[in-house]
Amino acid sequence: MNYKYIVVGAGLAGLTVAERIANVLEEKVLIIEKRSHIGGNVYDSYNEEGILIHNYGPHIFHTNDREVYRYLSRFTAWNDFWHRVLTYVDGNLIPMPITVETINKLYNLNLSCNEVEEFLKKQALPINEIKTSKDVALSKVGTDIYQKIFETYTKKQWGIDPGEIDTSVISRIPIRLNRDTRYFNDRYQGMPKYGFTKMCEKMIANKKIKILLNTDYKEVIEDLQYDKLVYTGPADYYYNYKYGEMAYRSIDFVFETFNREEYQPAPVVNYPNDYDFTRITEFKKLTGQDHKMTTILKEYPCSDGEPYYPFPTKECKEQFNLYQAEIKREKKVIFLGRLAEYRYYNMDAVVRRALDIFHGGFNG
Ligand SMILES: Cc1cc2nc3c(=O)[nH]c(=O)nc-3n(C[C@H](O)[C@H](O)[C@H](O)COP(=O)(O)OP(=O)(O)OC[C@H]3O[C@@H](n4cnc5c(N)ncnc54)[C@H](O)[C@@H]3O)c2cc1C
């Protein structure tokens, strides 16, 4: 069969490109997806009790990118939502990221914003060359806060010491010298009014888009002709692991439903030092759904299973460079998204990347 355009993977990256091909170029496009549903990791669904859950972990949309926000707003209205996270330390729930409130609660103090700045300066360790996530944390908050909040959480999350992880992981966590306890301070934040899956369905509501679910692209690709293939699956799989399997961190998601209205005081509570799970999400607190029961999710990071997070080490980057060299030589295939580019993208960043790839000479 002949399709000018084929997209492998129905996550946000693949759906964005397919939507643009159908609506801007007015061309037909075939999406091949190995899972039984669209949306990739942003997929959400109603469980047996009728509670909307995020099947692959909590997803909160936030961005400073006005164009991406406006683009996605064509497919969904948004519920106002300001994400908040608490962290369980020494028997107390303290706000994350680190704010003036966090320091005051952690040390039972009553410092002003300026005093907290001074306090953190005294705690911070002088580190000449910042090479790892551990260096980042120690140079910003010192040993005690590093141990209480970051060290064990990061070890649980990645299975290795923060001293072996590149700076990107802890650099993402801001420190605010004010009392703003919102988790993100992006200009646009929200949850899709009817969920992410409904938003994704709308993105591809065009007769020019055909979708083949439950199909690994390798099962069918030999029988298809195309001018351009947009590939959003894992790069190592595409090249039959010729440079070895790329390491990913996976998560075992364990859902529990309780016959009561509320479970915890915030949408997400982190557990850096206690238990094997890293965090608990209560979905109703993300979605705003009214229900007399409530569903929570505990996340147990692990090395085997679905690939979720590319591994943030120097060795993995070097290994991926070998695949990258092959990718650069491709004429008909574009590698896009978190698996194909072996790169952690937030939702807004992956949509931005897909729009840029499409608008930057995709037709050429
Ligand atoms: C636990 C977790 C929490 C997150 N929370 C947030 C958040 O709060 N906010 C935020 O902005 N971002 C969040 N993200 C990131 C967000 O999930 C990604 O930005 C987004 O999923 C990337 O889209 P993608 O299309 O690149 O990848 P994916 O969503 O993974 O889509 C790739 C698709 O390709 C399919 N595929 C793979 N191989 C094949 C094959 N051989 N044949 C056919 N199909 C194939 C897969 O089944 C999948 O559906 C989170 C990610 C995780 C893992």
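Cut-off values and rules
- Residues numbered from 1 in each chain as written.
- Predicted model: local features only at pLDDT ≥ 70, side-chain atom pairs only at ≥ 80, totals over all residues.
- Pairing = 2+ DSSP bridges.
- Helix = DSSP H or I, 4+ residues; strand = E, 2+ residues; numbered from the N terminus.
- Near = placed C-beta within 6 Å.
- Nonpolar A, V, L, I, M, F, W, Y, C, P; charged D, E, K, R; others polar.
- Axes fitted to C-alpha atoms, helices over the stretch in contact; angles between N-to-C directions.
- Left-handed = near helix turned anticlockwise from the far one by under 90°.
- Contact = placed C-beta atoms within 7 Å.
- Buried ≥ 20, exposed ≤ 12 C-beta atoms within 10 Å, placed from the backbone.
- Arc of directions from axis to C-beta.

A.B. asks: Outline the pairing of strand E15 (residues 294-302), listing residues and values.
C.D. replies: Relative to E15, strand E12 (residues 248-258) runs antiparallel, the two being bridged by 9 bridges. Within the sheet, the bridge partner assigned to Glu256 lies in E15 and is Ile296.

A.B. asks: Explain the site of the ligand to me, using residue names and the numbers behind them.
C.D. replies: Taken together, 34 residues form the shell around the ligand, and within it Gly9, Gly11, Gly40, Gly57 and Gly337 come nearest. For the shell around the ligand, the secondary structure elements donating two or more residues are helix H1 (12-25) and helix H12 (347-359). Here the residues of the shell around the ligand are counted per class, giving 17 nonpolar, 11 polar and 6 charged.

A.B. asks: Lay out the packing of H1 against H12 with the relevant residues and their values.
C.D. replies: With their axes 9 Å apart at the nearest point, H1 and H12 run at an angle of 35° to one another. The two elements H1 and H12 meet at a crossing, and its hand is right-handed. Contact residues: H1 offers Leu12, Ala13, Thr16, Val17 and Arg20, while H12 offers Met347, Val350, Val351, Arg353, Ala354, Leu355 and Phe358. Among the residues forming the contact of H1 with H12, the class breakdown is 9 nonpolar, 1 polar and 2 charged.

A.B. asks: Go over helix H2 (residues 66-73) with me, naming the residues and quoting the values.
C.D. replies: Listed in full, the buried residues belonging to H2 are Val68, Tyr69 and Leu72. Projected onto a plane normal to the axis of H2, the buried residues spread over an arc of 100° and lie on a single side. Among the exposed residues of H2, those oriented more than 90 degrees off its buried face are Arg66, Glu67 and Arg70. Turning to H2, the residues buried within the fold contact strand E5 (61-63), strand E9 (188-192), helix H7 (196-203) and H12.

Purely geometric numbers; function is a separate question.
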